[in-house]
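Each chain is listed here by its residues.
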Amino acid sequence: MIAVLMGGNSAEREISLNSGEAVYQALKSQQIDCFKFDWKDDNLDNLWSQEFNLAFVVLHGRGGEDGAIQKLLEARNISYTGSNADASAKGMDKHLSKEIWKASNLPLAPSVVAIYNMTLPIINFPLPWAIKPVSEGSSIGISKVTNPDQLDEALALAWRYDDRVLIEQWIEGEEYTVTILGEEALPIIKIVADQDFYNYDSKYLSSTTQYLCPCSLTENQENQLKEIALKAFQAIGANGWGRIDFILDKDNSPFLLEINTVPGMTSHSLVPMAAKAAGITFEQLVQRITHEAEK
């Protein structure tokens with residue numbers, strides 16, 4: 001019996017509910033015994049009272065993507081999809097994941113961390129800057145700062161979601177994403193946002209954001225990105241499935257943005273798009289992720 005864990009208490013709750021419903025329907029269509037569980041507030045006792053031997057985790061953001069639910073499942077010896085608790089925690093923390101990648105000599109934009117109610121660090125890299133909550137997903141709380149006078153407002157927005165905020169050099173360029181399934185990198189998707197950057201509205205609400213696959217890179221460039229993505233995934237200790245996001249600057253030099261250890265599985269989501277480009281149906285994708293968890 002598979003429990004599809006969805007919802008959660010993070011800012012990404014609504015997206016998770018959509019992802020969970022899609023996964024649940026895909027499992028049901030294959031006559032796989034499953035049920036969906038909407039985690040909200042403190043109702044986890046209702047989950048533990050049910051019998052299941054595998055959890056399909058589609059809880060995005062805090063609680064579901066940061067290792068919290070993974071720790072609880074591990075304590076009960078219940079198998080689950082995706083990365084373990086330790087890798088999930090590392091991947092959710094944008095600053096920590098960048099430090100790990102830096103130690104692995106992977107390509108990164110310079111950044112510093114600002115902590116709420118503490119003196120701001122010295123920023124010794126040029127504008128523009130990306131202001132990001134350290135442990136939030138779906139581009140929630142992110143701002144682009146082109147003038148130092150905008151920094152306070154951008155920090156105030158980000159601090160609504162986290163008391164640690166990443167100030168990162170904004171790399172002007174094009175965004176690409178690489179899906180990892182097992183030990184394989186799927187076809188790369190180029191994202192052409194309809195706004196200044198690929199923000200929450202562009203991801204989930206817009207009908208004009210473009211997703212290009214084939215992605216217009218040369219074969220050598222694609223292979224380079226896939227190689228970096230696999231190294232970044234492995235450096236975090238991630239496994240099963242996930243997604244690595246990049247910016248390529250005007251010289252086509254790649255910069256790692258972040259890792260997603262529980263990516264979206266909605267109609268707008270990038271992992272199903274990459275799978276489709278590889279000839280993998282949504283139902284097959286769900287089955288593959290499930291099988292990775294059973295290894």
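Residues numbered from 1 in each chain as written. Predicted model: local features only at pLDDT ≥ 70, side-chain atom pairs only at ≥ 80, totals over all residues. Heavy atoms only, no water.

Points about helix 10 (residues 282-294)
Where we set the bar: Counting from the N terminus, the helices are DSSP H or I runs at least four residues long and the strands are E runs at least two residues long. Expected helix span is given by 1.5 Å per residue-to-residue step, counting one fewer step than there are residues. The classification of residues rests on relative accessible area computed with a 1.4 Å probe and restricted to protein chains. Under 20% of the type maximum is buried, over 50% is exposed, and intermediate values are partly exposed. The directions considered for the arc are those from the helix axis to the C-beta atoms.
Compared with the 18 Å implied by 1.5 Å per residue over 13 residues, the 19 Å span of helix 10 between its first and last C-alpha is a close match. Taken as a whole, helix 10 has its buried residues at L285, V286, I289, T290 and A293. Down the axis of helix 10, the buried set is contained in an arc of 135 degrees. They therefore lie on one face.

Some thoughts on the sheet that holds strand 4 (residues 79-80)
For clarity, the threshold we go by: Strand pairing requires that DSSP identify at least two bridges connecting the strands. Whether two residues touch is decided by their heavy atoms; if any such pair falls within 4.5 Å, the residues are in contact. Under this scheme, a helix contributes an axis fitted over its contacting stretch, all axes are lines through C-alpha atoms, and angles between N-to-C directions fall in the 0 to 180 degree range.
If you trace the 4 strands from one edge of the open sheet to the other, you get 2-1-3-4, paired in parallel fashion. Of all strands in the sheet, those bounded by a partner on one side alone are strand 2 (34-39) and strand 4. Bridge analysis of strand 1 (residues 2-7) against strand 2 gives 6 bridges, and the strand direction is parallel. Residue pairing in the sheet places L5 in a bridge with F37 of strand 2. In the packing of helix 1 (residues 13-29) onto the sheet, contacts are made with strand 1, strand 2 and strand 3 (54-57), and the angle to strand 1 comes to roughly 155 degrees. Lying on the sheet, helix 10 is in contact with strand 1, strand 3 and strand 4; it crosses strand 3 at an angle near 130 degrees.

With respect to the nonpolar core
We count it as follows: Put simply, buried Ala, Val, Leu, Ile, Met, Phe, Trp, Tyr and Cys residues joined by side-chain atoms within 4.5 Å make one nonpolar core.
Counting residues in hydrophobic clusters, the biggest one holds 43 residues, and the most contacted among them are L5, V57, L73 and M265. With residues up to four places along the chain from it excluded, the contact list for M265 reads S19, A22, V23, V58, W241, V271, P272, F282, L285, V286 and I289.

Focus: the packing of aromatic side chains
Convention followed: Only Phe, Tyr and Trp rings take part, Trp by its six-membered ring, and two of them pair if their centres are within 6.5 Å. Stacked means planes under 30 degrees apart, edge-to-face means over 60, and tilted covers everything else. Only when the NZ atom of a Lys or the CZ atom of an Arg is both within 6 Å of the ring centre and within 35 degrees of the ring normal do we say a charge sits over the ring.
A complete count under the given rule lists 3 aromatic pairs for this structure. Between F35 and F52, the ring centres sit 5.9 Å apart and the planes meet at 80 degrees, which makes this aromatic pair edge-to-face. Taken as a pair, F35 in strand 2 and F52 in the loop between helix 2 (44-48) and strand 3 lie far apart in primary sequence, 17 residues in all. One residue, R76, lies across the ring of W48, its end atom 4.0 Å from the ring centre.

Considerations on the sheet that holds strand 8 (residues 164-169)
Picture the strands of a sheet paired through backbone hydrogen bonds; they go either parallel or antiparallel. Strand order in the open sheet formed by 4 strands is 5-8-6-7, with antiparallel pairing between adjacent strands. Each end of this open sheet is capped by a strand with a single partner; those strands are strand 5 (111-115) and strand 7 (143-145). The sheet shows a mean angle of 25 degrees between the axes of neighbouring strands, taken without regard to direction. Both strand 5 and strand 8 contribute to a ladder of 5 bridges, which runs antiparallel. Residue pairing in the sheet places A114 in a bridge with V165 of strand 8. Strands strand 5, strand 6 (129-133), strand 7 and strand 8 of the sheet are contacted by helix 6 (residues 151-159), whose axis makes an angle of about 25 degrees with strand 6.

Concerning the pairing of strand 1
Rules: Crossover handedness is defined here as right-handed if the route from the first strand over the helix to the second strand goes clockwise, with the strands pointing away from the viewer.
Within strand 1, 6 of the 6 residues are buried, leaving the element largely enclosed by the surrounding structure. In this fold, the crossover linking strand 1 to strand 2 by way of helix 1 has right-handed handedness. In this structure, strand 1 lies alongside strand 3, joined through 4 bridges in parallel fashion. Within the sheet, the bridge partner assigned to A3 lies in strand 3 and is A55.

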